[in-house]
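# Observations on chain architecture
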Amino acid sequence: MKNSKSLFFTVIIVLLIIFALQVLEPSIGNVLTTLFTTLTTIVGFISVFYEMKRSADIDECNFILETYKHFTDGSNSGITITYEKLDFMFSEGNNTFTDNDRKHIVQYLQFFEMIANLIEKDSISINDIDRLYGYAFFIATNCQTIQELELLPSKDYYEGIFNIYPTWKKHREKNHKPIPFSDTPLM
């Protein structure tokens, strides 16, 4: 806010100087008018670019928020059930998965397949989503049960997960963030 006030007063002072020079010396006024018009055009382009960038950032934030709501709102019971079982398994060490949970596991993994697709298309970055999804991604991908029930037997269906796994793992290691089930990595 302080910077925008300073910029505003600077622009006002420059405009007053240009006006005074035009009144005092008309020949300088034509050059200054051309210079002022050019500067105004450049400032306009910069302002439009800044607003477009800001709008894109807001859209990305809204998208990430909506995606997170989709992941956590409970209406996707397969995702919720799988997440709760994985979290319980990680925190308590008890495996409650059965072969009947496979369809829920598939829903959970398909969510991360969609996230992988967005990362690969540079629509979002791992850095942008790691805080929200890092734990949920690695408790699934590093879980030996999930690997045995779904990931490894159906590897071709989870190409995106396998593609982003090494990069996401390096990101967490580089930033000294824990990786759940690190003793059974996917790759």
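The following refers to the structure shown. (Residues numbered from 1 in each chain as written. Predicted model: local features only at pLDDT ≥ 70, side-chain atom pairs only at ≥ 80, totals over all residues. Heavy atoms only, no water.)

## Quick word on the environment of Met114
- One can find Met114 in helix α4 (residues 102-120).
- In sequence terms Met114 and Tyr158 are 44 residues apart; their C-alpha atoms lie 9.9 Å from each other. (Helix = DSSP H or I, 4+ residues; strand = E, 2+ residues; numbered from the N terminus.)

## Concerning a nonpolar patch on the surface
- On the surface, a cluster of nonpolar side chains totalling about 550 Å² of accessible area is made up of Phe8, Phe9, Val11, Ile12, Leu15 and Leu16.
- As for its placement among the helices and strands, Ile12 is situated in helix α1 (residues 2-24).
- Among the residues examined, Ile12 registers a relative accessible area of 34% and is labelled partly exposed. (Patch = residues over 30% accessible without salt bridge, like charges linked within 9 Å, V, L, I, M, F, W, Y side chains within 5 Å. Areas by Shrake-Rupley, 256 points an atom, 1.4 Å probe, with all protein chains shown as cover. Salt bridge = Lys/Arg side-chain N within 4 Å of Asp/Glu carboxyl O. Buried < 20%, exposed > 50% of the residue type's maximum accessible area, 1.4 Å probe, protein only.)

## Re the pattern of salt bridges
- Evaluation of the coordinates by the stated rule reveals 4 salt bridges.
- With its nearest N and O atoms 2.8 Å apart, the salt bridge here joins Lys85 to Asp101. Placement of the pair is Lys85 in helix α3 (residues 77-92) and Asp101 in the loop between α3 and α4, with a sequence separation of 16 residues.
- According to the relative accessible area criterion, Asp101 is buried, its value standing at 7%.
- In this structure, the salt-bridge partner of Lys177 is Asp130, at a minimum N-O distance of 2.8 Å. Here Lys177, found in the segment after α7 (159-174), pairs with Asp130, found in helix α5 (residues 126-141); they are 47 residues apart in sequence, far enough to count as distant.

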